[in-house]
Amino acid sequence: MKTCVLLALLLLVPAAVQGEEDPLAALEQQIESGESRGDHEHGHPHHLAPPGAEEVPTFVHERPVPHEHRHLPAQRHSWLEAFSFEFMQRATVAGLLAGTICTWLGLFVVLRRLVFVAIALAQVASAGIALGVLLGFQPTALGMLSAVAASIASGSKRLRGRLPGEAHMGLFYLGAGALAILFLARSGTGEAEQLEMLNGNLIVVRETQLWTLGLAALGIGLLHISGFRQLVAISFDPVSGIVAGVRVWAWDALFFLALGLGIGVSIQSCGLLLVFGYVVIPASAGLLTGFRLPGVLAVAMGVQALATVAGLWVAYEGDLPGGPCIVTVMLICLVVIRLAASFRTR
Amino acid sequence: MNVELLRGDYLGIVGPNGAGKSTLLLGMLGVLSVQEGVIHRQPDLRVGYVPQRTALDDIFPLTARDIVRMGHELAASCSHAPEDIERVLNRVGLEKLGDRRFAELSGGQKQRVLLARALVVDPELLILDEPTNGLDFPSEIAIMALVDELHRQGRSIVLVTHQLNLVANHAAHLALVGDGRVVAGSRDDLLSGDRLMNVYGTGLKVLEMEGKKIVVPRADS
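Computed from a predicted structure; not experimentally measured. (Residues numbered from 1 in each chain as written. Chains lettered and ligands numbered in written order. Predicted model: local features only at pLDDT ≥ 70, side-chain atom pairs only at ≥ 80, totals over all residues. Heavy atoms only, no water.)

K.L.:
Any chance you could explain the packing of helix 12 (residues 248–288) of chain A against helix 14 (residues 322–345) of chain A here in plain terms?
P.N.:
For any two helices packed against each other, one specifies the inter-axial angle together with the distance between the axes. Residues and elements named next belong to chain A. At a minimum axis distance of 9 Å, the contact between helix 12 and helix 14 shows a crossing angle of 10°. Between helix 12 and helix 14, the angle is such that the two are roughly parallel. In contact with Leu273, Leu274, Gly277, Tyr278, Ile281, Pro282, Ser284, Ala285 and Leu288 of helix 12, helix 14 contributes Gly323, Pro324, Ile326, Val327, Met330, Leu331, Leu334, Ile337, Arg338 and Ala341. Its residues assigned to classes, the contact of helix 12 with helix 14 shows 15 nonpolar, three polar and one charged. (Axes fitted to C-alpha atoms, helices over the stretch in contact; angles between N-to-C directions. Helix = DSSP H or I, 4+ residues; strand = E, 2+ residues; numbered from the N terminus. Parallel < 35°, antiparallel > 145°, perpendicular 65-115°, else oblique. Contact = heavy atoms within 4.5 Å. Nonpolar A, V, L, I, M, F, W, Y, C, P; charged D, E, K, R; others polar.)

Written as structure tokens, this is what we have:
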């Protein structure tokens, strides 16, 4: 399993960073030229838009993709056609990388009953990005920093005072949500940015974001190899870990740092909804199988990968936003697994 | 409180709910730092800890063997050669339940799994926190028989419980925790009606029946 994850990362990251700097420009170039790339199956390029086509409907709101022409039967050779476009390849790689990061972290989030912490961190990361948009300064970096700071603060008993943990996180969530809206309202493009942040906008992922996601996924891969068992052990029974001489506080700090970074890195590419979906749904689906931990992790990774590819394909075919499509497919997978598990136990 | 625990000693920490037994235990384990006083611990002492099974979350998809292996791996990371997992499972009578999920085990079986995990480090000192809490009588007897056997093999035992009758017949030394105070001494010195009255605030008396001590409420209490 570990080898598979690392191999996938090593294969995906270089593939992800090939191509133009600006994906939107590339997308427009593809549409203008009327050619798709990499149609190896049929040995010739597809013609997406017939000559003279003027109207250009959208794939995700403001993104110009010639939707009605994709539905011409003569042009739909296979479902792989959707993934012959560079913007779809970038979206798929970004989704798979973010999905891998968030699913791995999500397994611990669900097991340690930190789901509310995760949504609060995602919201804080959104607020950091919104601040970056407002200031015109490094939204991704500000999103990551905000999530890491909130992740550390979430564990502070001194800051929490007499409040229960859920209320503490609720305040983070509310504060960050309000700030994100206020920042975006002042940024001039508030409404569109806000919608993008919620839905995610995988199809306009930039090369730098892919690199960042790739590095974060590599970091998660290394953490998996070096500390998965220790993290499980101290999550299950921290006191026994301390008695055994393990530096539980250090592992905990590393986990919360990884959680803040992972969510912060993923949020700008995927949006709040999809990041939260990647954190909660695959791990929950895996746990419903009743398998042992390695099996749970394998199923969770499978669910996120399948849902990313299938969800993006549905979004492409149905002219729908990508994030909600992926979340819906993940939920369908979860329901199918739940039904299969209940049949198996009968 | 001034307690010295020597090799092969059996100490029962007992007191009513909320008296501070678990806090004292966490201090002894080094999980909490003590505000006053000092706890000296022999360097490189191998300690096995058996937590309350209710403190552990059943949501973790772990089998009995996974949990014992967890202790094995933690021990390995702490530069001590751990015991063989199968041998330890066999020792606590769980050789046939190694692949069973922890969540699906009975209370007594769960306690055996946690005991096995503690034994995997071949402990010189075994610390048990409420090991029989919520168990039925046969399971309680079986667990205590296991602990007694481990004690006979030369291990030091610290048993934390709120059940007076449990320590009355197993531990040679007691630490009575109650009302913000700890009184420590031999079992025979401390198991008296007056001492217990001070700790529990209710009239208790100690009876002897067939060589066993039984603590019961006094009729006038």
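And the narrative resumes.
K.L.:
Sorry, what's going on with the pairing of strand 4 (residues 156–161) of chain B here?
P.N.:
In regular strands, side chains alternate between the two faces of the sheet. Residue and element names in this part refer to chain B. Burial analysis of strand 4 places six of its six residues in the buried class, the great majority of the element. Side chains of strand 4 alternate between two faces, with Ser156, Val158 and Val160 and Ile157, Leu159 and Thr161 buried alike. The pairing of strand 1 (residues 10–14) with strand 4 spans five bridges and is classified as parallel. Looking at strand 4, one finds that Gly12 is bridged to Leu159. Here five bridges tie strand 3 (residues 125–129) to strand 4, and the two strands are oriented parallel to one another. (Buried < 20%, exposed > 50% of the residue type's maximum accessible area, 1.4 Å probe, protein only. Pairing = 2+ DSSP bridges.)

K.L.:
Teacher, can you tell me more about the interface of chain A and chain B here?
P.N.:
Much of the literature gives interface size as the accessible area that the parts lose upon coming together. With 24 residues of chain A at the interface, the matching set in chain B holds 26 residues. For the pair chain A and chain B, the summed buried area comes to about 2,200 Å², and 70% of that belongs to carbon and sulfur atoms. Along the contact surface separating chain A from chain B lie four salt bridges. With a shortest N-O distance of 3.3 Å, Glu73 of chain B and Arg229 of chain A are connected by a salt bridge. For the interface between chain A and chain B, the tally reads seven residue pairs in polar contact (both at pLDDT 80 or more). Going through the elements one at a time, helix 4 (86–111), helix 10 (207–236), helix 11 (238–243) and helix 13 (293–318) of chain A are the ones with two or more residues in the side of chain A that touches chain B. In terms of residues, the side of chain A that touches chain B owes the most to one element, helix 10 of chain A, which gives six residues. Residue composition of the side of chain A that touches chain B, grouped by class: 14 nonpolar, six polar and four charged. (Buried area = accessible area lost by both parts, 1.4 Å probe. Salt bridge = Lys/Arg side-chain N within 4 Å of Asp/Glu carboxyl O. Polar contact = N/O pair within 3.5 Å; in protein donor to acceptor, adjacent residues only side chain to side chain.)

K.L.:
Mind showing me how you'd approach the pattern of salt bridges here?
P.N.:
Two side chains that carry opposite charge are able to pair once their charged atoms sit near each other. Enumeration over the complete set of coordinates arrives at 16 salt bridges over all chains. Between Arg117 of chain B and Asp237 of chain A there is a salt bridge, and its shortest N-O distance comes to 2.5 Å. Here Arg117 of chain B is found in helix 4 (residues 107–119), whereas its partner Asp237 of chain A is found in the loop between helix 10 and helix 11 on a different chain. Take Arg117 of chain B and Asp237 of chain A: they sit in the same class, and that class is buried. The partner of Asp122 of chain B in a salt bridge is Arg46 of chain B, with the nearest N and O atoms 3.6 Å apart. Of the two residues, Asp122 of chain B sits in the loop between helix 4 and strand 3 while Arg46 of chain B sits in the loop between helix 1 (21–29) and strand 2 (47–50), which places them 76 residues apart along the sequence. Look at Asp122 of chain B and you get partly exposed, because its relative accessible area is 25%.

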